[in-house]
Structure formats: C-alpha cells, structure tokens
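Coordinates in review
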Amino acid sequence: MAFEEIARRGLVLLGCGKMGQAMLEGWLAGGLPASSVWVIDPHPSDWVQSQGLHLNADLPADPAVALIAVKPQFMEAALPQLLPLGGGKTLFVSVAAGTSISYYESTLGEGTRVVRSMPNTPAAVGKGITAIIGNAASDVEDLDMAEALLSAVGQVVRLQSEDQIDAVTGVSGSGPAYVFHLIEALAAAGEAQGLPTDMAMQLAKATVAGAGALAETAVETPEQLRINVTSPNGTTQAGLEVLMNETSGLQPLITATVSAATDRSRELKG
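Description of the structure in this document.

**What to know about the environment of Pro63**
One can find Pro63 in the loop between strand S3 (54-55) and strand S4 (65-68). For the pair formed by Pro63 and Ala78, sequence separation is 15 residues and the distance between their alpha carbons is 18 Å. Setting aside residues no more than four positions away along its own chain, Pro63 makes contact with Arg9, Gly10, Val12, Leu85, Lys89 and Thr90.

**Here's the deal with the packing of helix H1 (residues 2-9) against helix H6 (residues 140-150)**
In the contact formed by H1 and H6, the axes pass within 9 Å of each other and the chain directions differ by 85 degrees. Taken together, the axes of H1 and H6 lie roughly perpendicular to each other. Two secondary-structure elements touch here, H1 through Ala2, Phe3, Glu5 and Ile6 and H6 through Met145, Ala148 and Leu149. Taken together, the residues that form the contact of H1 with H6 break down as six nonpolar, no polar and one charged.

**Digging into the pairing of strand S5 (residues 91-94)**
Where burial is concerned, the two faces of S5 agree: the one with Leu91 and Val93 and the one with Phe92 and Ser94 are both buried. Here four bridges tie S4 to S5, and the two strands are oriented parallel to one another. Across the sheet, the residue bridging to Val65 is Leu91, located in S5. One ladder, built from four bridges, connects S5 with strand S6 (residues 113-118); its direction is parallel. Paired with Phe92 across the strands is Val114, a residue of S6.

The rules behind each value
- Residues numbered from 1 in each chain as written.
- Predicted model: local features only at pLDDT ≥ 70, side-chain atom pairs only at ≥ 80, totals over all residues.
- Heavy atoms only, no water.
- Helix = DSSP H or I, 4+ residues; strand = E, 2+ residues; numbered from the N terminus.
- Contact = heavy atoms within 4.5 Å.
- Axes fitted to C-alpha atoms, helices over the stretch in contact; angles between N-to-C directions.
- Parallel < 35°, antiparallel > 145°, perpendicular 65-115°, else oblique.
- Nonpolar A, V, L, I, M, F, W, Y, C, P; charged D, E, K, R; others polar.
- Buried < 20%, exposed > 50% of the residue type's maximum accessible area, 1.4 Å probe, protein only.
- Pairing = 2+ DSSP bridges.

Structure (structure tokens):
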C-alpha cells in the first residue's frame, strides 16, 4: 500500500550519494516506477542519469514523500528547495546525520510530518539497520511508510524518543567501523603468528562475515553460539579467557567505545 501511494503521488529524493543511490536501487528493484521519482542532486552518478527518472526537474506539487539524504554540511543550502512541500501532505523522511527534528520543523513550517532516521553504511549492500522516530505531527501510517522505504536497504527499528538517536549512533551508526577495526586486528594477530598477510586478512574477513551471518540467522543467542564453539580447556577457551577478562577484556573496552561515540554525538548536536 505504501509503495502504491508513492507510485501515484511521487517521491522526491534530495541528495543521491552512496546512501541515496542504495535506497533508490532498492526501490526500483522493488517495483517503484522510475517515473514516480524526482532526484535533486548537483552531481548525479551515471547510473542515476540512466534510470529514466526526473533529475533536477520541477517538483510535483504534492508528493507522498520527500526523503532527505544530503550531508549535514550541505543541509542549509539544499533544504530550502523543499520549502514549498512543507506543512502539507508530504511526509519528510531524513537519513541525514546530526539533523534534528526541530530543525526540520522550524525550517519547513508548522504541521510538517517528519520521520528522522539513523541508518548505517552496510545499507549500501542491503545489510543496514536503521532506527526511526517520528515527530508529533506524524502518525503510525507515516512510520509504516518510512519503514517500507528504509527496509529497501536492511532492517528497521522504531525508537521511543529522539534522544535515543545518540545511543543508536554509538552502537550501529559508528559500529561498522569498530567491526572493520576488529578485522584489521584479527588479521594482524594472525600475521604475527606466522600467516602470510593476504591469507590472514582473508581469514579475518571471512570469519567476521560468517559469524555475523550465523548470529543473525541462528535460533540460538550469540551467547549460546559462543558456548557451542568453546570446548572445555580447548583453544577457544584459552582465547576467550583473555578476551572476556572482566577488567581488560572486550566488554569494558566496547562499553567505553560506545560511550565515547554516544557522548560525542550529544556534543555535536549542541
């Protein structure tokens, strides 16, 4: 139903970089007609230009959704292009980092329906997870529509308050970088034990990717999956005794890491 409404009234995509294009690819693959999409982007990719959508053209008067995917530093210059759509029947969905609901409300006008979201970079390969929260003017149907759109690039969760965005940033927003560093560290450790550099990296990447896929699809909890791998007095137990040390192990380090990222997110919003 959400896509039928969007196909009928249209969707405006403000900004079509990596995140915007990833979503657009998902929508078109899911059956949204290119003729129902208007893209505003000063430097569209060759792929975007080849899709037969409306590119930097006059906007429809009453689109179902205006999705904002510009970088925060370009927001002040870009958002005014959508002012004629504010305060009306158009739902605004933001995937822009660090831009609050109140900013959109003050810029676009009273009564504007806004859903703010925090996606992460694995959305570029359809494996993201996005947290959403709506403003007072939005309703459950608006959240349903936002979720339908954002599901094109991965999973969606709904927050209880906008303040939770900072914690989401610390966990899943910044989280991919933590995992990438884990891969670097695991590969370097393998190399230190005598493995060739390329092999150590291949082993590390495949191990992290495979464990993540198993954790996501298995019925068992991550705790039980860990137990399943751990034979008494075996090699895994020896490694985990270091990794699970209560003072110097991974848990206190990750807690401090997420706390630092969450605190910085709060600082950046002023």
